[in-house]
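Observations on the model geometry
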Amino acid sequence: MSILKIIIAIIIFSIIIIFHELGHFLFAKLNGIRVNEFSLGLGPTIIGFTKGETKYSLKLLPFGGACMMEGEDEESDDSRSFNSKKPLQRFSVIFAGPAFNFIMAFIFSLIIIGCIGVDKPVIGTVMDGYPAQEAGIETGDTIKQLNSTNVYTFRDITLYLLKHSGEEIRITYERDGEEEQTTIVPVYDEETSRYMIGFYSTNIREKVGALQTIRYSFHEVRYWISYTLHSLFMLVTGEASLNDMSGPVGIIQTIGDTYETTVTNSGFYYAILSLLNISVLLSANLGVINLLPLPALDGGRILFIIIEAIRRKRIDPNKEGIVHFIGFMILIVFIVVVMFNDIRKLIESLG
């Protein structure tokens with residue numbers, strides 16, 4: 001694996017993580033909470049400096065980061081400690097991290113769509129012998145709805161088929177300004193191991209105006225959130241396995257391969273846009289994952305706050321801290337397992 005791939009991946013990871021932690025940091029300051037340390041990375045400190053009451057540091061391991069607030073996981077008599085604040089204030093601080101990830105994904109989507117437009121759901125090729133051809137779908141038709149789900153981009157169609165494999169679909173499409181409907185049952189394709197309708201996009205992205213760019217950027221973030229949630233659902237139900245997941249090593253490989261391939265085939269400009277597209281996925285993914293109601297994640301902390309608000313009684317911070325610490329240890333073990341699986345797949349691909 002080349003040094004360039006690693007450097008690019010670390011830069012992307014760092015930007016996404018810093019923005020996530022910045023959300024916690026800014027809302028902590030806004031709510032008068034003392035921030036003891038703001039760090040990028042995990043493990044021993046490489047360099048750091050203190051400004052005001054906060055230490056800013058760079059850690060050895062370039063994955064992860066932290067906004068360490070006074071009294072977040074332990075008792076504190078400080079009037080500006082995290083646990084001294086009201087539930088709504090603490091909720092806003094914790095939720096701000098994932099929210100900033102979604103904001104970053106939206107900003108990057110704005111840049112991408114503003115530069116190259118959107119992949120509108122216009123049919124480019126209809127395959128012979130597949131349900132789409134039999135149902136009368138033609139090249140140039142624009143897909144508007146799949147059952148009751150609105151379609152904005154061509155990727156919406158792919159995601160819908162993934163979620164509703166083999167189900168009957170009522171397709172609403174536009175042809176020559178008129179809306180028409182037809183019903184299709186996707187067929188399983190042995191070669192691709194997935195259900196197919198039998199058409200492809202034009203592979204042409206259409207430039208849109210400023211307001212439409214904003215609108216489609218929201219849809220882009222919504223798409224990646226939905227994609228991440230469905231991927232997690234497939235993992236829980238067994239439709240996907242650990243082998244289908246990628247950790248830091250796998251992501252570095254993907255980022256590097258994407259950059260090198262795009263630079264070679266399309267040039268530096270499109271390589272940057274491809275990296276921004278990966279960043280949209282990673283940022284939205286991080287936002288969703290962090291909102292899962294699991295210990296050590298932001299969602300787990302939010303769950304404790306919600307329980308406190310319902311029972312009108314604060315959970316012992318020390319006990320809550322122990323729960324989050326155990327969750328953090330389990331999370332580290334999981335990351336290590338996924339990382340070694342990435343290394344195994346990388347070695348197999350090279351061999």
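The notes below deal with the structure included here. Bear in mind that the values here come from a model prediction, so they are computed numbers and not experimental data.

**A few points about a negative patch on the surface**
Together, Glu74, Glu75, Asp77 and Asp316 line one region of the surface with negative charge. With respect to the helices and strands, aspartate 77 occurs in the loop between strand S2 (54-69) and helix H2 (87-116).

**Some thoughts on a nonpolar patch on the surface**
A cluster of nonpolar residues, Ile322, Phe325, Ile326, Phe328, Met329, Ile330, Leu331, Phe334 and Ile335, forms a patch on the protein surface that exposes about 800 Å² of accessible area. Position of phenylalanine 325 among the secondary structure elements: in helix H9 (residues 317-350).

**Examining the packing of helix H1 (residues 3-30) against helix H7 (residues 268-290)**
For the pair H1 and H7, interaxial distance at closest approach is 10 Å and the crossing angle is 45°. One element, H1, and the other, H7, form an angle in the oblique class. Once H1 is placed against H7, the crossing between them reads as right-handed. Judged by residue contacts, Ile8, Ile12, Phe13, Ile16 and His20 of H1 engage Leu275, Ser279, Leu282, Ser283, Leu286 and Asn290 from H7. The residue makeup of the contact of H1 with H7, split by class, is seven nonpolar, four polar and no charged.

**Some points on the packing of aromatic side chains**
Tallied over the full model, the rule gives 14 aromatic pairs. Ring centres 5.3 Å apart and planes at 70° place the aromatic pair tyrosine 188 and tyrosine 195 in the edge-to-face group. Assessed through its relative accessible area of 41%, tyrosine 188 is described here as partly exposed. Following the ring pairs from residue to residue traces out a cluster consisting of Phe25, Phe38, Phe49 and Tyr56. For the cation-ring pair, arginine 155 lies above tyrosine 223, with the distance from its terminal atom to the ring centre recorded as 5.0 Å. The cationic tip of arginine 215 hangs over the ring face of tyrosine 216; the distance from NZ or CZ to the ring centre is 5.4 Å.

**Describing the nonpolar core**
Ile8, Ile12, Phe13, Ile255, Leu275, Val280 and Leu282 are the most contacted members of the largest nonpolar core, which has 29 residues in total. Those elements that place two or more of their residues in this core are H1, H2, helix H5 (210-237), helix H6 (248-266) and H7. For leucine 282, the contacting residues outside a window of four places in its chain are Ile12, Phe13, Ile16, Ile251 and Ile255. Counting 17 residues, the second-largest nonpolar core is a separate cluster that includes Ile143, Leu146, Val151 and Ile197.

Cut-offs applied
Residues numbered from 1 in each chain as written. Predicted model: local features only at pLDDT ≥ 70, side-chain atom pairs only at ≥ 80, totals over all residues. Heavy atoms only, no water. Patch = residues over 30% accessible without salt bridge, like charges linked within 9 Å, V, L, I, M, F, W, Y side chains within 5 Å. Areas by Shrake-Rupley, 256 points an atom, 1.4 Å probe, with all protein chains shown as cover. Salt bridge = Lys/Arg side-chain N within 4 Å of Asp/Glu carboxyl O. Lys, Arg positive; Asp, Glu negative; His and termini not counted. Charge placed at Lys NZ, Arg CZ, Asp CG, Glu CD. Helix = DSSP H or I, 4+ residues; strand = E, 2+ residues; numbered from the N terminus. Axes fitted to C-alpha atoms, helices over the stretch in contact; angles between N-to-C directions. Parallel < 35°, antiparallel > 145°, perpendicular 65-115°, else oblique. Left-handed = near helix turned anticlockwise from the far one by under 90°. Contact = heavy atoms within 4.5 Å. Nonpolar A, V, L, I, M, F, W, Y, C, P; charged D, E, K, R; others polar. Phe/Tyr/Trp six-rings, centres within 6.5 Å; stacked < 30°, edge-to-face > 60°. Buried < 20%, exposed > 50% of the residue type's maximum accessible area, 1.4 Å probe, protein only. Lys NZ or Arg CZ within 6 Å of the ring centre and 35° of its normal. Core = buried A, V, L, I, M, F, W, Y, C linked by side-chain atoms within 4.5 Å.

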